[in-house]
Amino acid sequence: EEALVNRINTDQANDFGNLLSRTTSMIDKFCGGLIPAPGQEEALDREIRELALSFPGQVEEALDAFDFSRALQAIGKLINRGNKYIEETSPWLLAREEKTRSRLGTVLYNLAESLRFATVLLSPFMPTVPEKVFGQLGILGRKDLLTWESVQRWGALPPGIRIKRGKPIFPRIEWEEKERDLV
């Protein structure tokens, strides 16, 4: 039980949930709640785009082989890369100066698009999660953005969509070790 709780807290709450929360929080705070238009692409942006585009094929191949663990590992890499991208680009610093606002837009757009990719790829494993994530990204009901086909190309997420921040989709589970009466 403890290992399961730790896994849920790490993979879901700390990684995926945190990426969603941080991204929507920064879009809300720095862009008035609207997904920004991307500006000029830099090397880190190309890296996250190319990585995201490589995963639908990897996940599909793993699913065809019934290798669910490998599929989830690939999706986890995209989520982890998104969190690392936040640390590498420091959007909170980009938001401080007008001259870096275009860069901020690119970073926040890429984070939102990465979340869209990861969520579509996770849908076979967690069928109730996409509705929550897509609701917060403001794209619920936009079938053209929610399908497997939609993650075959980068940049389908239209700028200007209003996000709808919500409660954490994966609240942390507090583990309390209970002593058992073995008598």
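The following paragraphs examine the structure supplied in this document.

What counts and what doesn't
Residues numbered from 1 in each chain as written. Predicted model: local features only at pLDDT ≥ 70, side-chain atom pairs only at ≥ 80, totals over all residues. Heavy atoms only, no water. Helix = DSSP H or I, 4+ residues; strand = E, 2+ residues; numbered from the N terminus. Expected span 1.5 Å × (residues − 1). Buried < 20%, exposed > 50% of the residue type's maximum accessible area, 1.4 Å probe, protein only. Phe/Tyr/Trp six-rings, centres within 6.5 Å; stacked < 30°, edge-to-face > 60°. Salt bridge = Lys/Arg side-chain N within 4 Å of Asp/Glu carboxyl O.

The end-to-end C-alpha distance of helix α3 (residues 68–89), which contains 22 residues, comes to 32 Å, matching closely the 32 Å that a straight helix rising 1.5 Å per residue would cover. Within α3, burial applies to Ala71, Ala74, Ile75, Leu78, Ile79, Arg81, Gly82, Asn83, Tyr85, Ile86 and Thr89. Of the residues trailing α3, Ser90 is marked for its positive phi of about 45°.

Attention now moves to the packing of aromatic side chains. Scanning the model with the defined rule gives three aromatic pairs in all. Centroid distance Phe66 to Phe68: 6.2 Å. Interplanar angle 85°. Geometry classified as edge-to-face. By relative accessible area, Phe68 is classed as partly exposed at 43%. Judged by centre distance (5.3 Å) and plane angle (45°), the rings of Phe117 and Trp154 are tilted.

Take the pattern of salt bridges next. Tallied over the full model, the rule gives twelve salt bridges. Between Glu97 and Lys99 there is a salt bridge, with the nearest N and O atoms lying 3.7 Å from each other. On the basis of relative accessible area, Glu97 is assigned to the partly exposed category, the value being 41%. A salt bridge links Arg116 to Glu113; the nearest nitrogen and oxygen atoms lie 2.8 Å apart. Here Arg116 and its partner Glu113 are both found in helix α5 (residues 101–122), three residues apart, which amounts to about one turn of the helix. Classification of Arg116 by relative accessible area gives buried; the value is 0%. For Glu113, a relative accessible area of 0% puts it in the buried group. One network of salt bridges, in which partners are shared, links Glu47, Arg81, Lys84 and Glu88.

Phi is positive for Phe66, which is not a glycine, with a value near 55°. Its location among the elements puts Phe66 in the loop between α2 (43–64) and α3. Overall, the relative accessible area of 64% leaves Phe66 in the exposed class. In this model, Ser90 sits at a positive phi of 45°, which is unusual for a non-glycine residue. Relative to the elements of secondary structure, Ser90 occurs in the loop between α3 and α4 (91–94).

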